[in-house]
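Chain residues, written in single-letter form:
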Amino acid sequence: MRRVLRALANNALVARAVFMREMMYWLRYPLWFLTFLSFPYLISGLFYSIGCAVSGEDAIRYFSERVGTDRAFLYNLIGSAVMMIAILMIEDVGHSIRAEQLRGTLEYNYVTAANKLVLWGSVVLPHGLMSLSLVFASLAPALALGFGVSNPLDVALGLLALFVGMVPLFSIGFIVAALTFRFKEPWAVTNVIKAFISAFSGFNYPITILPLWLQWVSRALPTTVVTEILRDALLFNRRVHAMTHHVSLLAFMGIAYPLVALGLYRRWEGEARRRGELGKY
Amino acid sequence: MASTSARWLLLEAYASAYKAVKVYFRYPAWIVGDLLATPLWLLVFIYPVLMFLPYDKWRSPETYEFFYWGMVSWSVISTALWSIGGAIRSEQQVGTLEQLFLTNADRVVLFLGRLVSSSIGLIIELAYMSLIVYLLFGVQVRVLNPPLLAVALLLSLAASLGFGSVYGALVLHVKSPGAVANILQFVLVILCGVFYPVSRLPDFVEPLAYLAPFTYAIDLIRHAAMGTDTLLPAPLELAVLALYSAALVALGYAALRRVELVSKRRGKLGFY
C-alpha cells in the first residue's frame, strides 16, 4: 500500500513539474492570449464578410435557409471556438515531444526515473486548462451580449459536454505526440489531422450537406458531437439532457480514443527505443 | 568592386537557398502532408461560405475559381508572414542565430532561403490545387494571361520578401512570431480582398485596402488569371506593386539592421 502511495505521490510530482513548465511557456508569450481570444471572432468575421461581400443583403436569408438560424455570426463563433480548442490540443500536445527534441532535452527526460506516460501525458493538463479558459473567455462577451442564449443550466451542461469532449481530443494530441517518435517531424501529420478535423466536423456548416458516407465519418469525430451539443444548447435552445444519443456517443469516445492512443504510443515509443532513435530529429 | 559585391551577394543567396531547399526536401513528410491537407483546407473555407450563397452560385465555375485564386493569394500572404519570421525563429530555436549574425552576410539574403522553399511549395500548390478543384467540383482553372500572371506572382513574392523582412525584425524583437502573424494574416485576408474584390468592402474600410500592398498583388493575380477588372489600369497597378515591393525590401533591411543592433547591445539576440 505504501509503495502504491509513494508511486502516486511521485507521479503527482511529475505532473506538477510538467504543469509548471508548460504554464511558464504559456505566460512567457502573452501575445498568444490575444491571438486565441480573437481567433473565433476572426474566423467568423472572415466567413461573414465573404458571404456578405458576395451575396450582399440576401446573404443572411440564404444562410438561414441552409442552416436554420439567421444568427450567422453566433453560429460560426461557436463552431470556430471548438475548432480553436481542437487545433490547440492537437498542436500543443503533439508538439511537446518535438520541442524537447529541438532543445536537445528529450534524452534527459528519458534518463529520469519519471514514468514516461505520466511525463508526456501530463502535458494535456496545462494545455487543456488554458484552451478551455480561452474558449470561455472568448465566448463570454458574445454570450453576455445575449446573442440568443436561453437557459443558464443548458449553457453549463453544454460547457460540461465541451469538457468531456476534451478527453478524445487529448487522445488525438497524444497520438500525434507518439507519432513524433516515428516520423520525427510532427508538423506534417498535425497539419493533415487538423485539416481533416476542421473540414469535416461541421464547425461552420451543417454536416447534412456532406455525402452520406462522409456524414458517418464526421459523426465519428468528437469535435462534431461537441459542436452539435454546444450549438443545440446555446443557439437552438434544445435541452442538453434530451440529447442522450449525443451525450452517450461522446462518453463512448471518451473511453475508446484514449485506449487507441495508449496502444499506439506504447508501440511507437518502444520501436524508437529499440532503434536508438529517441533523440534524432 | 561592384561586381565583387554582387558576386558575394549571389553566393550568399545561393547558400541560403541551398540550405532551405535541403531542409525542405529532408522532410518529405512535409510535402506529403501539404498535398494531403491542401484540399481539406480548401473545403474548410468553401463549405461555410457556400452557406451564404444562392444555389445557382454553388454550381458556378466562377465561384470555385475565385476560391482557387483566393487560396493562392492567401499563400502569398502566409509566405510574407511566415518565411523570414519563421526562419529567424527556427535559427533561434536550434541555437544558430548568433553564429549567423557573426558573419558579414546581408541580413535579408541570410533568410531569403525560406522564401525560396516557400515558392517551391507555392508552385506545387498551384498545380496540385487546380487538379483538386477539377476533381472535387469539375471546374477547370483558367489562366487568361500567363505572362502577366507570372510577373504578378513574382512581384507578389518580392512584396512578401519585403513585408516578411519587416515582420522578421518584429520577431527578433518580440520573440514570438506566431501570435501577431495569426491575427495579421486574417486582417490582411479580409482587408486585401483575397476572396472578393475590395470594391465590395464597406465604404469606411475600402480606403484602408488601397494602402495594403497585397491588395494590388491579389487584384493583378485575379485579373491575369480570370480577366476581372482591376482597381487601377493594369500597367499602373504593376508599377505601384513594383514600387511597393522595392520600398518594403528597403524598409525590411533597415528594420532588421536596427533590431539586430539593439538586440546585440542588450545581449538578447539568441533569446526566445
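Since this is a predicted model, take the numbers as computed values, not measurements.

So, the overall build of chain B
Thought 1: On a plain count of helices and strands, chain B comes out with 12 helices and 0 strands.
Thought 2: Ordering the α and β elements of chain B from the N terminus gives α-α-α-α-α-α-α-α-α-α-α-α.
Thought 3: Compactness check: chain B gives a C-alpha radius of gyration of 19 Å against a globular reference of 19 Å for 272 residues, within 12% of the reference.
Thought 4: On the principal axes, the C-alpha backbone points of chain B span a range of 60 × 40 × 35 Å.
Thought 5: In chain B, buried positions account for 42% of the 272 residues.
Thought 6: Counting only contacts in chain B whose residues sit at least 6 apart along the sequence, the fraction spanning at least 24 positions is 82%.

With respect to the overall build of chain A
Thought 1: Looking only at helices and strands, chain A features 12 helices and 0 strands.
Thought 2: When the helices and strands of chain A are placed in sequence order, the string is α-α-α-α-α-α-α-α-α-α-α-α.
Thought 3: By the compact-globule yardstick of 19 Å for 281 residues, chain A fits well, its C-alpha radius of gyration being 20 Å.
Thought 4: Referenced to the eigenvectors of the C-alpha coordinate spread, the extents of chain A come out at roughly 65 × 40 × 40 Å.

Looking at the environment of glycine 33 of chain B
Thought 1: Examined against the element boundaries, glycine 33 of chain B turns out to sit in helix H2 (residues 28-50).
Thought 2: Classification of glycine 33 of chain B by C-beta neighbours within 10 Å gives buried; the count is 22.

Overview of the interface of chain B and chain A
Thought 1: With 33 residues of chain B at the interface, the matching set in chain A holds 37 residues.
Thought 2: Of the residues forming the side of chain B that touches chain A, the biggest block, 13 residues, is contributed by H2 of chain B.
Thought 3: The residue makeup of the side of chain B that touches chain A, split by class, is 28 nonpolar, 4 polar and 1 charged.

Some remarks on the packing of helix H1 (residues 2-28) of chain A against helix H7 (residues 124-144) of chain A
All names here are of chain A.
Thought 1: At a minimum axis distance of 8 Å, the contact between H1 and H7 shows a crossing angle of 45°. On the basis of the axis angle, H1 is oblique to H7. The residues of H7 that touch H1, namely those facing Ala15, Phe19, Glu22, Met23 and Trp26, are Leu125, Pro126, His127 and Met130.
Thought 2: Taken together, the residues that form the contact of H1 with H7 break down as 7 nonpolar, 1 polar and 1 charged.

What to know about helix H4 (residues 61-93) of chain B
Residues spaced three or four apart along an α-helix point in a common direction, a consequence of the helix completing one turn every 3.6 residues.
All names here are of chain B.
Thought 1: Given a rise of 1.5 Å per residue, 33 residues ought to cover 48 Å, and the 45 Å separating the end C-alpha atoms of H4 matches this to within 8%.
Thought 2: The principal kink in H4, of about 30°, is found at threonine 79.
Thought 3: Among the 33 residues in H4, 25 count as buried, and that is most of the element.
Thought 4: In the segment just after H4, glycine 95 is the residue with positive phi, at about 80°.

Some details on the packing of H4 of chain B against helix H11 (residues 213-226) of chain B
Residue and element names in this part refer to chain B.
Thought 1: At their nearest, the axes of H4 and H11 sit 10 Å apart, and the two run at 145° to each other. As H4 packs across H11, the resulting crossing turns out to be right-handed. Only Phe214, Ala217, Ile218, Ile221, Arg222, Ala225 and Met226 of H11 make contact with H4, whose side of the interface consists of Glu65, Trp69, Val72, Ser73, Val76 and Ile77.
Thought 2: For the contact of H4 with H11, a count of residues per class yields 10 nonpolar, 1 polar and 2 charged.

Concerning the nonpolar core
For soluble globular proteins, the rule of thumb is that nonpolar side chains tend to be buried together.
Thought 1: Counting residues in each nonpolar core, the largest one holds 157 residues, and the members touching the most others are Ala217 and Ile221 of chain B.
Thought 2: With 17 residues, the top contributor of residues to this core is helix H4 (residues 72-103) of chain A.
Thought 3: Ignoring anything within four residues of it in the chain, the contact list for isoleucine 221 of chain B reads Trp69, Val72, Ser73, Leu149, Ala152, Leu153 and Ser156 of chain B.

Here's the deal with the environment of glycine 113 of chain B
Residues and elements named next belong to chain B.
Thought 1: Along the chain, glycine 113 falls in helix H7 (residues 112-137).
Thought 2: Overall, the presence of 25 C-beta atoms within 10 Å leaves glycine 113 in the buried class.
Thought 3: C-alpha separation for the pair glycine 113 and tyrosine 55, spaced 58 residues apart in sequence, amounts to 45 Å.

Focus on the confidence of the model for chain A
Thought 1: Residues with a pLDDT of 70 or more make up 93% of chain A, whose mean pLDDT is 82.
Thought 2: Taking the mean pLDDT of every element in chain A, the minimum, 77, falls on helix H8 (residues 152-183) of chain A and the maximum, 91, on helix H10 (residues 212-219) of chain A.

Describing the confidence of the model for chain B
Thought 1: On average, residues of chain B score 84 in pLDDT, and 96% of them reach the 70 mark or higher.
Thought 2: Per-element mean pLDDT across chain B ranges from 78 in helix H6 (residues 107-110) of chain B up to 92 in H11 of chain B.

The rules we used
- Residues numbered from 1 in each chain as written.
- Chains lettered and ligands numbered in written order.
- Predicted model: local features only at pLDDT ≥ 70, side-chain atom pairs only at ≥ 80, totals over all residues.
- Helix = DSSP H or I, 4+ residues; strand = E, 2+ residues; numbered from the N terminus.
- Rg over C-alpha atoms; globule rule 2.2 N^0.38 Å.
- Buried ≥ 20, exposed ≤ 12 C-beta atoms within 10 Å, placed from the backbone.
- Contact = placed C-beta atoms within 7 Å.
- Nonpolar A, V, L, I, M, F, W, Y, C, P; charged D, E, K, R; others polar.
- Axes fitted to C-alpha atoms, helices over the stretch in contact; angles between N-to-C directions.
- Parallel < 35°, antiparallel > 145°, perpendicular 65-115°, else oblique.
- Expected span 1.5 Å × (residues − 1).
- Bend = angle between axes of the 7 residues up to and from the residue.
- Left-handed = near helix turned anticlockwise from the far one by under 90°.
- Core = buried A, V, L, I, M, F, W, Y, C linked by C-beta atoms within 7 Å.
- pLDDT = per-residue confidence, 0-100.

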